[in-house]
Amino acid sequence: MIAVLWIAGALAVAGALGVVIAKTPVHSVISLVVNILALAALYLSLHAEFMALIQVIIYAGAIMILFLFVIALLTARKDPVERSEGKLEGQRELGIVAAVTGAILMTAVALSAGFGRPVAQEALPSGFGSPAAFGRELLTTHILSFELTAFVLMAAVIGVVVLVGQRKL
Amino acid sequence: MDMFTAMHNGLVQMGVPLWLANLVPPLVKSLILLLFILLNCMFLIWMERKVAGHMQRRMGPMRTGPHGIIQSLADVIKLISKEDIIPSGVDRWVFVLAPIVAFAPAFAVFMVIPFGPTLIAQDLNIALIFIAALTSFVVISFLMAGWSSNNKWSLLGAMRSTAQLISYEVPLVISVVAVALLAGSLSLQEIVEAQRQSFWYILVQPLGFLVFLTASLAELNRSPFDLSEAEQELVAGYNTEYSGMRWALLYLTEYANLITFAAIASTLFFGGWSGPVLPPVVWFLIKVYFFIFLVMWIRWTLPRIRVDQLMELGWKGLLPLSLVNLAFTGVYVLIR
């Protein structure tokens, strides 16, 4: 299991770096897919099988495809017709602030979770990570956030219908 | 599987390190599955040409072997010995990776397909979601192939198939969910078991099966939904620039997906490997080949539909139907 952790972790980091470094947007998206798959592998090693597969379906299978679709449509050529009007202002400074904040938060979480200390092996409750357990949690403990998410998605759907519906076909 | 446990134990006794011995049984299983896919795909390509031929009142391949049975083998040798061409304008990495991204998931899906009561590489309790997750990679590979080819037709083909796959994946998954509800499980083996104890689910899910069949044809990019490779308009669609073994890999993926579809259709709706007298694996193959023939039959009978008809059918026809079916199934499961 520890081997999975290291390999998937390295892949996730490599994918994340690829997203930033790649010159072509399509390459960035493909790197992001690698990153997402590596995360799914990490979930698997944590016995969260359902979570891992949902991660693959939703992120790699749906969201990344929409990204790819739009980017491929807009940059069909290697040299896009329209060049962007230069870089956005203050990206570098904001990036540094975000990176430092992220690093501090991550360190705090890692320290409070006792990173590096040997973990007592606790037996997982039976059915942990299964769709049944997942669904029960979702519809009991987390019912409020579940319904709120549904509400947000509904708003998005209505928004799309309103935006598209204005055009008389 | 006892054979593999025995193999594992034997290796450990011979002094092979444990991690290596742990790796051997999955590798052997994968090799067997790979061989199964390769041989069946070769046979299917021959079968497709024969079916097409006879439906058009001609013979199909006749020269290589009796009734052209080893024609596919000859084709494979030809494809292997072909020059490996990568057109100069393509995005090299993505171009080379796309066929692999297409084939790997199509191959991995076979891991959870039950060929018989014990004949299954790995019985996952979330097999249905596993299949849905892996098959979604087809779209990524199409887009990768189409975009990296740096060619209008390829890109248009990829765009069409993406729009099509995204639209039809929704009713497909919803019709599968209804079956999972009936069986009370997402494991393919348990779904077969549930059907053995009651009846084939086609009896209570005729609507679900029709939605599943139609959506699957679209997912397979098969006629009447083969807009993404409409020869008259797009040369060959996303794989226009591919040749030699890379093209063969894309082609192989198509037929592997066809077998997957047939296997899932017979498992979900027609009792999978269950059946009287004959051994389970024979029953399974009979059902699988029946569905493969059905798909070929449809392909060589129906004309291609238009893009707007395709979208209307998907969003206004199949999606509401699958939702109605799911709702009724839910009520049935509650009062059962």
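Every value quoted in this text rests on a predicted model; they were computed, and no experiment measured them.

Trainee: Tell me about the overall build of chain A, and please be specific about residues and values.
Mentor: Along its length, chain A carries six helices and zero strands. Helices and strands in chain A line up, N terminus first, as α-α-α-α-α-α. In chain A, which comprises 169 residues, the share counted as buried stands at 19%. The long-range fraction of contacts in chain A, counting pairs at least 24 apart against all pairs at least 6 apart in sequence, stands at 57%. Of the roughly 12,900 Å² of accessible surface on chain A, a fraction of 73% belongs to carbon and sulfur atoms.

Trainee: Pulling in residues and values, what's your account of the interface of chain B and chain A?
Mentor: On the chain A side, the residues contacting the 23 residues of chain B number 24 residues. Between chain B and chain A lies a buried interface of about 2,100 Å² when both sides are counted; carbon and sulfur atoms form 84% of it. Across the chain B-chain A interface, the total number found is zero salt bridges. Our count for the chain B to chain A interface comes out at zero residue pairs in polar contact (both at pLDDT 80 or more). Secondary structure elements with two or more residues in the side of chain B that touches chain A: α5 (127-135), α6 (137-148) and α7 (152-183) of chain B. Per-element tally for the side of chain B that touches chain A: the top contributor is α6(B), with six residues.

Trainee: Before we move on, could you go through the domain arrangement of chain B and cite the residues and values that matter?
Mentor: Residues and elements named next belong to chain B. Considered domain by domain, chain B is made up of domain 1 (1-81) and domain 2 (92-335). Here domain 1 and domain 2 have C-alpha centroids that lie 21 Å from each other. Every contact between the two is made by 21 residues of domain 1 and, on the other side, 28 residues of domain 2. Interface area for domain 1 against domain 2, summed over the two sides, is near 2,300 Å², with a carbon-plus-sulfur share of 83%. Inspection of the region where domain 1 meets domain 2 yields three residue pairs in polar contact (both at pLDDT 80 or more). Among the elements of the structure, α2 (18-55) and α3 (71-80) are those that each provide at least two residues to the side of domain 1 that touches domain 2. Class assignment of the residues belonging to the side of domain 1 that touches domain 2 gives a composition of 16 nonpolar, three polar and two charged.

Trainee: Outline the pattern of salt bridges, supporting the account with residue identities and numerical values.
Mentor: Residues and elements named next belong to chain B. Using the criterion set out here, one finds five salt bridges over all chains in the structure. The shortest N-O distance in the salt bridge between R49 and D75 comes to 3.1 Å. Here R49, found in helix α2, pairs with D75, found in helix α3; they are 26 residues apart in sequence, far enough to count as distant. Relative accessible area serves as the criterion here: at 21%, D75 is assigned to the partly exposed category. Notably, a salt bridge pairs D308 with R306, separated by 3.0 Å at the nearest N-O pair.

Trainee: So what's going on with the environment of T64(B)? Which residues, and what values?
Mentor: Residues and elements named next belong to chain B. Structurally, T64 is set in the loop between α2 and α3. Remark: the alpha-carbon pair of T64 and A74, spanning ten residues in sequence, is separated by 7.9 Å. For T64, the residues in contact, after removing those within four places along its chain, are I69, I70, Q71 and A74.

Trainee: Got a sec to walk through the nonpolar core? Specific residues and values, please.
Mentor: Residue and element names in this part refer to chain B. Ranked by internal contacts, the top residues of the largest apolar core, which has 108 residues, are F212, F261, L268 and I292. Counting residues per element, this core draws most heavily on helix α11 (residues 244-269), at 13 residues. Ignoring anything within four residues of it in the chain, the contact list for F212 reads L172, S175, V176, F261, I264, A265, L268 and F269.

Trainee: Tell me about unusual backbone geometry, and name the residues and values.
Mentor: All names here are of chain B. Although it is not a glycine, R57 adopts a positive phi angle of roughly 55°. In this structure, R57 sits in the loop between α2 and α3. Classification of R57 by relative accessible area gives exposed; the value is 81%. Even without being glycine, V277 reaches a positive phi, approximately 60°. For V277, a relative accessible area of 85% gives the class exposed.

Trainee: Break down the packing of aromatic side chains for me, citing the residues and quoting the values.
Mentor: Residues and elements named next belong to chain B. If you walk through the whole model with that rule in mind, you get 20 aromatic pairs over all chains. Between the aromatic rings of F43 and W46, the centroid separation amounts to 5.5 Å while the plane-to-plane angle is 40°, which identifies the pairing as tilted. With F43 and W46 both in helix α2 and three residues apart, this pair spans about one turn of that helix. Exposure remark for F43: the relative accessible area of 33% places this residue in the partly exposed category. Summarising the aromatic geometry, the rings of F43 and Y289 are spaced 5.8 Å apart at their centres and angled 65° between planes, so their arrangement reads as edge-to-face. Separated by 246 residues along the polypeptide, F43 in helix α2 and Y289 in helix α12 (residues 280-299) bring together distant segments of the chain. Joined through ring pairs, the aromatic side chains of W200, F209, F212, F261, F269, F270, F290 and F291 make up one cluster.

Reading guide: rules and limits
- Residues numbered from 1 in each chain as written.
- Chains lettered and ligands numbered in written order.
- Predicted model: local features only at pLDDT ≥ 70, side-chain atom pairs only at ≥ 80, totals over all residues.
- Heavy atoms only, no water.
- Helix = DSSP H or I, 4+ residues; strand = E, 2+ residues; numbered from the N terminus.
- Buried < 20%, exposed > 50% of the residue type's maximum accessible area, 1.4 Å probe, protein only.
- Contact = heavy atoms within 4.5 Å.
- Areas by Shrake-Rupley, 256 points an atom, 1.4 Å probe, with all protein chains shown as cover.
- Buried area = accessible area lost by both parts, 1.4 Å probe.
- Salt bridge = Lys/Arg side-chain N within 4 Å of Asp/Glu carboxyl O.
- Polar contact = N/O pair within 3.5 Å; in protein donor to acceptor, adjacent residues only side chain to side chain.
- Domains from an automatic or database assignment.
- Nonpolar A, V, L, I, M, F, W, Y, C, P; charged D, E, K, R; others polar.
- Core = buried A, V, L, I, M, F, W, Y, C linked by side-chain atoms within 4.5 Å.
- Phe/Tyr/Trp six-rings, centres within 6.5 Å; stacked < 30°, edge-to-face > 60°.

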